[in-house]
Number of protein chains: 2
Amino acid sequence: MVTSHDVARLAGVSQATVSRALRDDPKVALDTKERVRSAAITLGYSPNPIGRALAVGRSTRVGLVVTDLENQFYSYVISPMHRELEKHGYELLLITESSEQAPVADLVAGAGLCGVVLATTTLDSVLPVRLADRGIPFVYFNRTTPNVPADSVTVDPAPGLEKLVDDLVRLGHTRVGAVFGPVNTSTGEEREQALRHILDDQGLTLARKHVRRGPFEFGTGRDAMQELLDLDDPPTVVICGNDVVALGALNTAVERGVRVPEEVSIVGFDDLPTSAWPLVRLTTVAYDLEAMSRQAARLLVERVESGESVEAGGVHTARFDTSYVPRATLGRVEG
Amino acid sequence: MVTSHDVARLAGVSQATVSRALRDDPKVALDTKERVRSAAITLGYSPNPIGRALAVGRSTRVGLVVTDLENQFYSYVISPMHRELEKHGYELLLITESSEQAPVADLVAGAGLCGVVLATTTLDSVLPVRLADRGIPFVYFNRTTPNVPADSVTVDPAPGLEKLVDDLVRLGHTRVGAVFGPVNTSTGEEREQALRHILDDQGLTLARKHVRRGPFEFGTGRDAMQELLDLDDPPTVVICGNDVVALGALNTAVERGVRVPEEVSIVGFDDLPTSAWPLVRLTTVAYDLEAMSRQAARLLVERVESGESVEAGGVHTARFDTSYVPRATLGRVEG
DNA sequence: CTGAAAGCGCTTACAG
DNA sequence: CTGAAAGCGCTTACAG
């Protein structure tokens, strides 16, 4: 392995000067810089980030903590987040919460990360507490927990849901069903509260038998739809906690030969690219997931680089607006 | 930050002993280990991986190099690969080749990685050369380049394609079209050669006007399908380079109101979970992508841990079998 | 503007 | 079985 010492020797300077020159320290003479740079190039040298991290006391590694890497949703998060971090000179490390081998907090603390994006926080997560204890900067992505203050990027479901419910009324739906996300997630909770509230305002109610609940996964929608369709009086529309759940529901309807939206309407939340496919045309609630992912990266980088603690300077929050995207899975009630 | 020195002080031993005890060195007395461990726990200490990496001379960080993080295909690769690496105590870092900021080779070399999985190698990639030059272990995933020998995990398209072509014949297809992957990828090349060869054996030919080509992306299938459907004599079946391309093609057919498979049949390759959706039911060629991803991780770990160079011990290759998965997008030719 | 030196937090021969 | 010491490849006060 070629080190800064090798470069120093070739350039005829000290190792310290190599370090400075390559970091473009203004105190280094221009011709010295040139000499060092060309020496570095001929030797194919690039500074070892591990040495650097140890010396500086922090790395440029950011962790993204998720539970379910297979979930389509996260593909669309990872990509823009990764790009944004890269732009700032940071790397993205994946961490799954399912890794129960070591307590995740230790793993995170031990992974030499300079900061963490939490994408699958539950209301009872201990990870935020642990991170705060150890002074590891982090930002909540999409989901939060009120117990531990931190920067966050979230979405406001109300605007989109309001428009959706307007449409529900217009189309004559009265038996409305829902497949909510888990109660222990802020997103699940918040969307449920918002929806119930808005339905209420319009004089609509959610019959208990028409409500299901479960993780934000395909299987949740699938199973819920099976049960709902087996009811004597199934709902005329099923509003799902997110698109992945809605896709599960939609596929189950299709599999059973139940026509959508003639026999049952289905609505999602997230507006994933898949939902816009001509084959799918899922009616849903949209927001700018890509901008949100970038924003989370940016907030974390700022937090890391400012070195400012949450207690000292307060918290940065970004809240994203939602809109209603009518497509083909929500229709007029028949009969 | 709590260091091994703090633990040493609390446990009343030397820092070196802390290091040994926590790594479960058999030379350390059992009661000493106990003392050190409990001290570590009370202090909430976990060894700093950066210090470790520097001392040992290598990290436990593995890079996954891809071009297109949004591509569905890679979601299904990342998850099992990540899990397998984690099992062996390694972390997964994402690297996109699009990052033209720094030559990727430098980035990889500079990122303090102990090894790399290359998932989007093209036949003319220079990255493998660079990695080999610098002695950075890597394994080819799915795609290879013959120029630089290295461990690899690939799929053999022939078995699946043979069964597919049998079915093509049985169903009366004669105007067969194809949307191949890029010629500068081993997978694109290999699947094309295999398909042409097998068609040939069955007396079928691929008219030049029925052939399209492009990156393994949704848009490729979409655009190709538009063109093919505009032909005076469109193909009766379109065989796509992979599922993502086939999904693009399928959605375009749907959008244009062209019935699949009555008016045109569509076939993919990969058997992504999406392809099995009741809404999709894509006829395709399958292989065990999850096992393949795990295998790649394992080969890399072995290579890294053995420290054996490719020249010295030769190369490990795993080749995965394919099977044919008939579903609903391939049908009998009408009329 | 440049160098010698200390130090980041570990691991690992080397003694004992 | 344990400790003192050197060293991994950097950065950064401190001198000059």
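Nothing here was measured: the structure is a model prediction, and the numbers come from that model. (Residues numbered from 1 in each chain as written. Chains lettered and ligands numbered in written order. Predicted model: local features only at pLDDT ≥ 70, side-chain atom pairs only at ≥ 80, totals over all residues. Heavy atoms only, no water.)

**Observations regarding the overall build of chain A**
- Looking only at helices and strands, one finds 13 helices and 12 strands in chain A.
- For 335 residues, the compact-globule estimate of 2.2 N^0.38 gives 20 Å, and chain A exceeds it by more than 25% at 25 Å.
- If one aligns the C-alpha atoms of chain A with their principal axes, the spans along those axes are about 90 × 40 × 35 Å.
- Residues counted as buried form 56% of the 335 residues belonging to chain A.
- Partitioning the intrachain contacts of chain A with sequence separation of at least 6 by distance along the chain shows that 71% fall at a separation of at least 24.
- Of the roughly 14000 Å² that chain A leaves accessible, carbon and sulfur atoms contribute 49%.
- Treating the 34 positive side-chain charges of chain A as one cloud and the 45 negative ones as another, the clouds have centres 5 Å apart. (Helix = DSSP H or I, 4+ residues; strand = E, 2+ residues; numbered from the N terminus. Rg over C-alpha atoms; globule rule 2.2 N^0.38 Å. Buried < 20%, exposed > 50% of the residue type's maximum accessible area, 1.4 Å probe, protein only. Contact = heavy atoms within 4.5 Å. Areas by Shrake-Rupley, 256 points an atom, 1.4 Å probe, with all protein chains shown as cover. Lys, Arg positive; Asp, Glu negative; His and termini not counted. Charge placed at Lys NZ, Arg CZ, Asp CG, Glu CD.)

**Focus on the pattern of salt bridges**
Residues and elements named next belong to chain A.
- This structure, assessed with the given rule, holds 44 salt bridges over all chains.
- Note that Arg319 and Glu190 form a salt bridge whose closest N and O atoms lie 2.5 Å from each other. With a gap of 129 residues between them, Arg319 in strand β11 (residues 317–320) and Glu190 in helix α9 (residues 186–201) connect regions that are remote in the sequence.
- Put simply, Glu263 and Arg259 hold a salt bridge, and the shortest N to O gap is 3.2 Å.
- Among the charged side chains, a salt-bridge network with shared partners connects Asp24, Lys33, Glu34 and Arg37. (Salt bridge = Lys/Arg side-chain N within 4 Å of Asp/Glu carboxyl O.)

**Overview of unusual backbone geometry**
All names here are of chain A.
- In this model, Val260 is joined to Pro261 through a cis peptide bond whose omega is 5°.
- Looking at the element boundaries, Pro261 is found in the loop between α11 (243–255) and β9 (265–267).
- For Asp271, which is not glycine, the phi dihedral falls at a positive 55°.
- With respect to the secondary-structure elements, Asp271 resides in the loop between β9 and β10 (284–286).
- Classification of Asp271 by relative accessible area gives partly exposed; the value is 26%.

**Considering the sheet that holds strand β7 (residues 211–213) of chain A**
Residue and element names in this part refer to chain A.
- Pairing is parallel across the open sheet formed by four strands, whose spatial order is β7-β6-β8-β9. Looking at which strands have only one partner, the edges of the open sheet turn out to be β7 and β9. Taken pair by pair, the neighbouring strands of this sheet meet at an average axis angle of 15°, ignoring direction.
- Judged from the three bridges that link them, strand β8 (residues 237–240) and β9 form a sheet pairing that is parallel. Across the sheet, residue Val238 finds its bridge partner in β9, namely Ile266.
- Relative to the sheet, α9 contacts β6 (176–180), β7 and β8, its axis offset from that of β6 by approximately 165°.
- Together, β6, β8 and β9 form the strand contacts of α11, whose direction differs from that of β9 by roughly 160°. (Pairing = 2+ DSSP bridges. Axes fitted to C-alpha atoms, helices over the stretch in contact; angles between N-to-C directions.)

**Some points on helix α10 (residues 218–230) of chain B**
Residue and element names in this part refer to chain B.
- With 13 residues, α10 should reach 18 Å at 1.5 Å per residue; the first-to-last C-alpha distance of 19 Å fits that figure.
- Every buried residue belonging to α10 is among Gly219, Thr220, Gly221, Ala224, Met225, Leu228 and Leu229, and all of these are buried.
- On the buried face of α10, the contacting elements are β6 (176–180), β7 (211–213), β8 (237–240), α11 (243–255) and β9 (265–267). (Expected span 1.5 Å × (residues − 1).)

**Quick word on the protein's contact with DNA strand C**
- Around DNA strand C sit 28 residues in total, of which Thr17, Arg20 and Thr32 of chain A together with Ser19 and Arg20 of chain B are the nearest.
- At 3.0 Å from a base nitrogen of DNA strand C is found a main-chain nitrogen or oxygen belonging to Gly51 of chain B.
- Interatomic distance of 3.3 Å between a side-chain N/O atom of Arg52 of chain B and a phosphate oxygen of DNA strand C.
- Mapped by element, the contributors of at least two residues to the surface near DNA strand C are α2 (15–22) and α4 (49–56) of chain A together with α2 (15–22) and α4 (49–56) of chain B.
- Top contributing element to the surface near DNA strand C by residue count: α4 of chain B, with five residues.
- Classifying every residue of the surface near DNA strand C by side-chain character gives 14 nonpolar, nine polar and five charged. (Near = heavy atom within 4 Å. Polar contact = N/O pair within 3.5 Å; in protein donor to acceptor, adjacent residues only side chain to side chain. Nonpolar A, V, L, I, M, F, W, Y, C, P; charged D, E, K, R; others polar.)

**Some remarks on the packing of aromatic side chains**
- Using the criterion set out here, one finds eight aromatic pairs over all chains in the structure.
- Seen from their ring centres, Phe218 of chain A and Trp277 of chain B are 5.4 Å apart, and the 20° between their planes marks the pair as stacked. Note that Phe218 of chain A is positioned in helix α10 (residues 218–230) and Trp277 of chain B in the loop between β9 and β10 (284–286), a pairing that runs across two chains.
- According to the relative accessible area criterion, Phe218 of chain A is partly exposed, its value standing at 23%.
- In this structure, Arg191 of chain A packs its charged tip against the face of Phe269 of chain A, placed 3.9 Å from the ring centre. (Phe/Tyr/Trp six-rings, centres within 6.5 Å; stacked < 30°, edge-to-face > 60°. Lys NZ or Arg CZ within 6 Å of the ring centre and 35° of its normal.)

**A short note on the domain arrangement of chain A**
Residues and elements named next belong to chain A.
- Per the domain assignment, the segments making up chain A are domain 1 (4–47), domain 2 (56–155 + 289–320) and domain 3 (156–287).
- Each of domain 2 and domain 3 has a C-alpha centre, and these two points are 29 Å apart.
- Between domain 2 and domain 3, the buried area comes to about 1500 Å², and carbon and sulfur atoms account for 53% of it.
- Counting across the interface, domain 2 meets domain 3 through two salt bridges. (Domains from an automatic or database assignment. Buried area = accessible area lost by both parts, 1.4 Å probe.)

**Describing the relation of the copies chain B and chain A**
- For the pair chain B and chain A, the best superposition has an RMSD of 0.1 Å and corresponds to a rotation of 180° with a translation of 0.1 Å parallel to the axis. Those values place the two copies in the arrangement expected of a two-fold rotation axis. Measuring from the rotation axis to each C-alpha of chain B, the shortest distance belongs to Leu93 of chain B, at 2.4 Å.
- Counting the interface residues of chain B, we find that 100% of their copies in chain A are interface residues as well, pointing to one common contact surface. (Least-squares fit on C-alpha atoms with pLDDT ≥ 70 in both.)

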